[in-house]
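# Structural overview
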Amino acid sequence: MYEPALINEAQRGDLDSFNTLVLTYQDILFNTALRIMGDEDSAADATQEAFLSAFRAIKSYRGGSFKAWLMRTVTNACYDELRRLKRRPTTPLEPETDDGEEMETPRWLADPSMSPEEETEADDLEHAIQHCLDELPLEFRTVVVLTDIQGMDYKEAASAVRVPLGTIKSRLTRARLRLRECLQGFWELLPAAFRLEGESLRT
Amino acid sequence: MTQTPSFRDVEQLSAYLDGQLKPSEIARLESRLQADPALASVLKDLRQARGILRQLPQRRAPRNFTLTPKMVGLKPPLPRTYPVFRFATVLATLLLFFTFATNFMAPRLVRTAAPFPYGVGGYGGGGGGEPELSMEAAPEEPAAPALEAPAAKEPAIEEPAAPALPVPAPTEMAPSADDSARIEPTLGPSEKSGVQGAPTGEPFAQQAEPDQALQTQPPKPLVSVTLQLVLVGIAILSGLIALILRYTAIRKWRAKAK
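For the structure given in this document, a descriptive report is provided here. (Residues numbered from 1 in each chain as written. Chains lettered and ligands numbered in written order. Predicted model: local features only at pLDDT ≥ 70, side-chain atom pairs only at ≥ 80, totals over all residues. Heavy atoms only, no water.)

## Observations concerning the overall build of chain A
- Along the backbone of chain A there are 9 helices and 0 strands.
- Listing each helix as α and each strand as β along chain A from the N terminus yields α-α-α-α-α-α-α-α-α.
- A sequence separation of at least 24 residues applies to 59% of the contacts in chain A between residues at least 6 apart.
- Counting only carbon and sulfur atoms, one obtains 50% of the accessible surface of chain A, whose full area is about 10,600 Å². (Helix = DSSP H or I, 4+ residues; strand = E, 2+ residues; numbered from the N terminus. Contact = heavy atoms within 4.5 Å. Areas by Shrake-Rupley, 256 points an atom, 1.4 Å probe, with all protein chains shown as cover.)

Shown next, in the form of structure tokens:
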């Protein structure tokens, strides 16, 4: 069904139409939440909360990018969830290895087409990037997730986080510079193309 | 000329990477990039950072985040008659309680209103506190008049020096000792009847008559039992109808949701 028609129906309270939109956008919203939160369970909670808020507030949607509108709800949900976690910190219930260390990301979520070595490398790189993202201040992290990871343009990102375009530009620049600095520490994990480029820059 | 790029320059480079610059700005920046290796180096750094971020795999959502009617607090559409029956149930129940309360309170109100003229008359200055006692005594001990004679004698037995009953002239009973002797038995909890018993003679006889009259006639309820039964019937019937309407509406709605 055509998206505007689904939105229209959802605005009239039709839950089925809204759920169709949920199925379309749930991966994007979950990934955004995951990169902002850095934890799958919290990201899932924030995503669910975002869709719930979106349904309740869908009558206030007045056109424009629906994706940006949804992104606003998910970033707000992430901020709320982070505030909640700050008040009541929890210990993750991740399975542990024989050494007592927490296991890596559940394998069932990984790309099945990858070899075990590639999986390990990808996991390591992903963890390195996530670590660097987590090091960023929340506002910077949100902007970099929206633009560089979700591929939104500045205008959409500005609409999603409700800040002026100039702020997006500035935050994104600062975030990229900090990320670049942080990722230097994980040089050996970076893909060959980046390594070569980096080496040429170092010399 | 090569110098460390300013934050403004880096910001321009970042926007250039994302294609957010105007054509005139692009042309100016590109010419600077050719002339300034430091600026070109920063551009490469930024491009690299952006490229690495784009390497992040997109995860599948661990589960579906679709909403259920319960989650969003949607309620089944109830029939238009439902609030009418619900209101009728509430109203009938309230009225029923009101009728019970009225029937319960009415005899008390009637009885408390009656003894006032008699209770006040007997004691002159001391009468301020006494009517209250007599008010309490009237409904709780309707047989009080029958016990008045022995009760009246008790103070005389306990304190023979106080000639409460035989004194012919009440005006001579001014001494405070006598007063206390007479008031004491009236205030004692076990001697409530003493209030009425002390002034033997005509006032007491007048008081006995209306009390006996009240006692012999069973109190008639203000609200008839029939009306109460009707209210009970309305409350139960409308309540049942409302419940059935609600139950059927919810069942239909759940079946439709499935």
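## Comments concerning the interface of chain A and chain B
- Taken together, the 51 residues of chain A in the interface contact 37 residues of chain B.
- Carbon and sulfur atoms make up 63% of the surface buried where chain A meets chain B, a total of about 4,300 Å² over both sides.
- For aspartate 18 of chain B, the salt bridge identified is with arginine 176 of chain A, shortest N-O distance 2.8 Å.
- Summed over the shared surface of chain A and chain B, the result is 15 residue pairs in polar contact (both at pLDDT 80 or more).
- For the side of chain A that touches chain B, the secondary structure elements donating two or more residues are helix H2 (15–37), helix H3 (40–57), helix H5 (116–135), helix H6 (138–149), helix H8 (165–183) and helix H9 (192–202) of chain A.
- Counting residues per element, the side of chain A that touches chain B draws most heavily on H2 of chain A, at 11 residues.
- Here the residues of the side of chain A that touches chain B are counted per class, giving 27 nonpolar, 12 polar and 12 charged. (Buried area = accessible area lost by both parts, 1.4 Å probe. Salt bridge = Lys/Arg side-chain N within 4 Å of Asp/Glu carboxyl O. Polar contact = N/O pair within 3.5 Å; in protein donor to acceptor, adjacent residues only side chain to side chain. Nonpolar A, V, L, I, M, F, W, Y, C, P; charged D, E, K, R; others polar.)

## Section: the packing of H2 of chain A against H6 of chain A
Residues and elements named next belong to chain A.
- The interhelical angle for the contact between H2 and H6, taken along N-to-C directions, is 145°, at an axis separation of 9 Å. As H2 packs across H6, the resulting crossing turns out to be right-handed. Between H2, through Thr32, Arg35 and Ile36, and H6, the contact on the second element is made entirely by Leu138, Arg141, Thr142, Val145, Leu146 and Ile149.
- Its residues placed into classes, the contact of H2 with H6 shows 5 nonpolar, 2 polar and 2 charged. (Axes fitted to C-alpha atoms, helices over the stretch in contact; angles between N-to-C directions. Left-handed = near helix turned anticlockwise from the far one by under 90°.)

## Some points on the nonpolar core
- The biggest cluster of nonpolar side chains holds 76 residues, and the ones touching the most others in it are Phe18, Phe66, Leu133 and Val144 of chain A.
- Sort the elements by how many residues they give to this core and H2 of chain A lands first, with 11 residues.
- Lining this core are residues from two domains, each supplying at least three of them: domain 1 (1–89) and domain 2 (113–203) of chain A.
- Beyond its immediate sequence surroundings of up to four residues, phenylalanine 18 of chain A is in contact with Ala10, Phe51, Ala54, Phe55 and Ile58 of chain A together with Leu67 of chain B. (Core = buried A, V, L, I, M, F, W, Y, C linked by side-chain atoms within 4.5 Å. Buried < 20%, exposed > 50% of the residue type's maximum accessible area, 1.4 Å probe, protein only. Domains from an automatic or database assignment.)

## A word on unusual backbone geometry
Residues and elements named next belong to chain A.
- Residues other than glycine seldom take positive phi values, yet arginine 162 does so here, at roughly 55°.
- Positionally, arginine 162 belongs in the loop between helix H7 (154–161) and H8.
- The exposed category is assigned to arginine 162, whose relative accessible area is 63%.

## Quick word on the pattern of salt bridges
- Summed over the entire model, instances satisfying the criterion amount to 12 salt bridges over all chains.
- Note that glutamate 126 of chain A and arginine 59 of chain B form a salt bridge whose closest N and O atoms lie 2.8 Å from each other. Taken together, the residues glutamate 126 of chain A in helix H5 and arginine 59 of chain B in the loop between helix H3 (37–53) and helix H4 (82–113) connect one chain to another. For the residue pair glutamate 126 of chain A and arginine 59 of chain B, the accessibility class agrees, reading buried in each case.
- Taking the shortest distance from any N to any O, the salt bridge between glutamate 11 of chain B and arginine 8 of chain B comes out at 3.9 Å. Placement of the pair is glutamate 11 of chain B and arginine 8 of chain B together in helix H1 (residues 7–17), with a separation of 3 residues, close to one helical turn.
- In this structure glutamate 11 of chain B comes out as buried when scored by relative accessible area, which is 13%.
- Among the ionic contacts, a cluster of salt bridges with common partners joins Arg35, Glu40 and Glu126 of chain A together with Arg59 of chain B.

## Considerations on helix H1 (residues 3–11) of chain A
Residues and elements named next belong to chain A.
- When we look at burial in H1, the residues that qualify are Leu6, Ile7, Ala10 and Gln11. Projected down its long axis, H1 carries its buried residues within an arc of 140°, all on one side.
- Contact partners of the buried residues in H1: H2, H3 and helix H4 (66–87).
- The positive-phi residue at the C-terminal boundary of H1 is glycine 13, with phi of around 100°. (Arc of directions from axis to C-beta.)

## Quick look at the state of the cysteines
Residue and element names in this part refer to chain A.
- Counted according to the given criterion, the structure contains 1 disulfide over all chains.
- Residue pairing for cysteine 132: its cysteine sulfur links by disulfide to cysteine 182, the two sulfurs lying 2.0 Å apart. Its S-S torsion of approximately -80° makes the covalent link between cysteine 132 and cysteine 182 left-handed. With cysteine 132 in helix H5 and cysteine 182 in helix H8, this residue pair connects regions lying 50 residues apart in the sequence. Considered together, cysteine 132 and cysteine 182 belong to a single accessibility category, that of buried residues. (Disulfide = S-S within 2.5 Å.)

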